[in-house]
Structures are given as C-alpha cells and as structure tokens.
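Chain residues, written in single-letter form:
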Amino acid sequence: MTQSAIPSSGPGALAWMLLLTLGVIWGSSFMLTNIAVIEVPPVTLSALRLALAAVLIGAAVVMTGGRLPRLKGDGRLWRFAFLSAVLGNVLPFCLISWSQLHIPSALTGILMAPMPLVSLFLAHLMLAGERMTTGRFVGFFIGLGGLVILIGGDALSGVEGSGLALLGQIASLVAMLCYALNGIALKRAAAPDPLGISFAILTLAALIAVPLALIVEAPVLADYSASAWITVGALGLGATALAQIILMKIIDLAGPPFLATVNFQVPLWATVFGVVFLGEILPETFWIALGLILLGLAIAQFAGRLGTTRNM
C-alpha cells in the first residue's frame, strides 16, 4: 500500500472550509469578469489580473522563504512554467473574458464543468498508467451528453446576437480544453517549491499578456472607473493569487483527489452569482445539462476512487 496524501482520518474541518471558499472564489470569478469587461477589454483584463496575481504570489514567496526554479539546471521546470503560463493562464483568461461579452456568466461557468472529464480522457490518451475504466467512460459520455444538450438546445434563448453567442460558447470550450491540457502538464511536473513555480508561471504569463494587451488593445488605464479597478483587483488578488494559495493549502491538508471535488461547486456558484446578482435568466435545458454534467463527473470521480482503492 502506498502512502496517501489524504490523512487516514479524512479531510478535517479546515480542509472543507478552504474547499468551500475556493469554490465560491472561482465561481464568483465569472460574474466579476462579466462586470469588468464592460469597461476593461478582454486581453487587458487578463494582463492586469495576471500582473496583480504575480505581485501577490511573489510577496508570498519572499515571506515564506520560497525559491524560484534555478536559471541553470531547472530548464525542464521553466519549460513547464512557460507552457502552463500559456495554457493555464493567458489563453483561457483571454478567451473567457472575450466570451463574457456575448454569453451569460453562468453559462460560461457551466461550460467549464466538463473539464475534469476531458482531463480524464486526455490522460487516457497521453499518460501511461492513466487508463479510462468502464465507469469513467460512462461518466464521460453522460457529461458529454449534458454538454450537447447545453450547446444544441435553447440555452442561448434571450442572448442577443446568436452568431457571437455561439462563438462565445466555443471560446469558453477552448478555454476549458486549455485548462484540461494544463492539468496534464501539471501531472508531468514535479516542482520542489509549489509557491515558487506558481510565481514563475504567473510572472511569465504576465510578461506575455501585458505586451499583448498593449499591442492588441492599447488600453488607457486612466479611463477605467474605480468600480472597474475594484473588480480587476478582486480577480487578480482574489480569484487568481489567493485562490492559488488556498489550492496549495488544500493539497497539503487533504491531497489532490479531495481538491478535485471543487469542480462540483464551481458551476453551481457561477450560476448562483449570475442569476442572483446579474439577473441572468436561464432556460430549463440549462439545469438538465448541468445535472447531467455533474452526474457524469460524480460517476467518473467515484469510479476513479474505486479503482485507486482496488490498486492499493
């Protein structure tokens, strides 16, 4: 039997509290993005969010005595950091921010929900020892059915500009695929200091996104209102930097499998924030699709844990 990252007594109260907090933070990020893009262009929003997060994580590295990967000898980690900066930050942030110009925040949130299922399928194709079991295949196809209902049904009723709305959905799905691919890269990395590699990733992401924003959108920062800056700050310092710190603490307390259960929360919180605070109206097919996606995720999660237990 191999030693598990989860304590034998199970996750404690602190781990559960942090998991709930992380779900709320990530779920609210879609609402905050929806508000911010009213004033701040998508690439600029992503750049500001990443720059603020890099500063806060950098301060955390200094305070905790963490270290960055070495410039010499850690070339593999720097290559991983660059890949993660692009796939896990710049591309999905820009795509999600752009999509929220055209579709409701709650819809964007649910389009992220199949990410763990897609990750399982990609791991089956790309990673040795990560084969899909029958249960995981069942979960994957149930979740895929929910996604088909969401995209093919009337989930966009009441959204102006059906063509752009469809492109918005596609942009969100590509962002979800980027997150899934980034998850595969994470499994291949073994960073000695998670906080240090997080700072490296966010710094590289900011160094990519800031020049891109200047070239593509030429933003005038003085034009943004105080409320826009507050929203940008909440995204950068809260939904990006603080969420990263909480994520690492959860892994330390209860392990990656426990952290994965946050995926049940995020689409639900995204829906709650979108409906309650933004007044978004969603058709009945939305809830059917959400139910199928979460059911598929639950089946895949249970099948994965059962397989792990049998292999111990």
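Just above sits the structure.
A.B. asks: Residue-level account of the overall build of the chain, with values.
C.D. replies: Regarding its fold elements, the chain presents 12 helices and zero strands. Ordered by position from N to C terminus, the α and β elements of the chain give α-α-α-α-α-α-α-α-α-α-α-α. For the chain, the computed accessible surface area is about 14,700 Å², with 72% contributed by carbon and sulfur atoms.

A.B. asks: Provide a residue-level description of the nonpolar core, including the pertinent values.
C.D. replies: If you look at the biggest cluster of nonpolar residues, it comprises 67 residues, and the most contacted ones within it are L22, V40, L45, L50, I197 and I250. Counting residues per element, this core draws most heavily on helix α9 (residues 226–254), which supplies 11 residues. Setting aside residues no more than four positions away along its own chain, L45 makes contact with T33, A36, V37, V40, S97, V232 and L235. With 15 residues, the next largest nonpolar core counts A106, I110, A165 and L282 among its residues.

A.B. asks: Which residues make up helix α3 (residues 75–99), and what values do they have?
C.D. replies: For α3, with 25 residues, the first-to-last C-alpha span of 35 Å sits near the 36 Å given by 1.5 Å per residue. The axis of α3 is deflected most strongly, by about 30 degrees, at V86.

A.B. asks: So what's going on with the packing of aromatic side chains? Which residues, and what values?
C.D. replies: A complete count under the given rule lists seven aromatic pairs for this structure. With 6.1 Å between their ring centres and 40 degrees between their planes, W269 and F273 make a pair best called tilted. Here W269 and its partner F273 are both found in helix α11 (residues 262–278), four residues apart, which amounts to about one turn of the helix. For W269, a relative accessible area of 27% corresponds to the partly exposed category. Aromatic pair F273 and F277: ring centres 5.7 Å apart, planes at 25 degrees, arrangement stacked. Placement of the pair is F273 and F277 together in helix α11, with a separation of four residues, close to one helical turn. When its relative accessible area of 13% is taken as the criterion, F273 is described as buried. The rings of F121, F137, F140 and F141 are connected pair by pair, giving a single aromatic cluster. Against the face of F93 rests R49, its NZ or CZ located 3.9 Å from the ring centre.

A.B. asks: Give me the side chain of N34: which residues, what numbers.
C.D. replies: In this fold, N34 is placed in helix α1 (residues 13–36). When neighbours within four sequence positions are excluded, N34 is seen to be in contact with Q100, I103, S105, L278 and E280.

A.B. asks: Talk me through the environment of L83; I want residue IDs and the actual numbers.
C.D. replies: Summarising the element assignment, L83 is placed in helix α3. According to the relative accessible area criterion, L83 is partly exposed, its value standing at 38%. For the pair L83 and L181, spaced 98 residues apart in sequence, the C-alpha separation works out to 9.8 Å. The contacts of L83, once residues within four sequence positions are left out, are G88 and A185.

A.B. asks: If you had to explain a nonpolar patch on the surface to someone new, which residues and values would you point to?
C.D. replies: Taken together, the side chains of L164, L166, L167, I170 and V174 present a nonpolar region at the surface, about 400 Å² in accessible area. Along the chain, I170 falls in helix α7 (residues 162–188). On the basis of relative accessibility, which here comes to 42%, the residue I170 falls in the partly exposed class.

A.B. asks: Can you lay out the environment of L87 for me, pointing to particular residues and giving the numbers?
C.D. replies: Considering the arrangement of structural elements, one finds L87 in helix α3. Apart from residues lying up to four places away in sequence, L87 is in contact with P92, C178, Y179, L181 and N182.

A.B. asks: Explain the packing of α1 against α11 residue by residue, including any values.
C.D. replies: Between α1 and α11, whose axes approach to 8 Å, the crossing angle comes to 45 degrees. As judged from the angle between their axes, α1 and α11 are oblique. α11 is crossed by α1, and the crossing has right-handed handedness. Seen from α1, the contacting residues are L19, L20, L22, G23, V24, W26, G27, S28, F30, M31, N34 and I35; seen from α11, they are V262, Q265, V266, W269, A270, F273, F277 and L278. Of the residues belonging to the contact of α1 with α11, the class tally is 15 nonpolar, five polar and no charged.

Rules and cut-offs
Residues numbered from 1 in each chain as written. Predicted model: local features only at pLDDT ≥ 70, side-chain atom pairs only at ≥ 80, totals over all residues. Heavy atoms only, no water. Helix = DSSP H or I, 4+ residues; strand = E, 2+ residues; numbered from the N terminus. Areas by Shrake-Rupley, 256 points an atom, 1.4 Å probe, with all protein chains shown as cover. Core = buried A, V, L, I, M, F, W, Y, C linked by side-chain atoms within 4.5 Å. Buried < 20%, exposed > 50% of the residue type's maximum accessible area, 1.4 Å probe, protein only. Contact = heavy atoms within 4.5 Å. Expected span 1.5 Å × (residues − 1). Bend = angle between axes of the 7 residues up to and from the residue. Phe/Tyr/Trp six-rings, centres within 6.5 Å; stacked < 30°, edge-to-face > 60°. Lys NZ or Arg CZ within 6 Å of the ring centre and 35° of its normal. Patch = residues over 30% accessible without salt bridge, like charges linked within 9 Å, V, L, I, M, F, W, Y side chains within 5 Å. Salt bridge = Lys/Arg side-chain N within 4 Å of Asp/Glu carboxyl O. Axes fitted to C-alpha atoms, helices over the stretch in contact; angles between N-to-C directions. Parallel < 35°, antiparallel > 145°, perpendicular 65-115°, else oblique. Left-handed = near helix turned anticlockwise from the far one by under 90°. Nonpolar A, V, L, I, M, F, W, Y, C, P; charged D, E, K, R; others polar.

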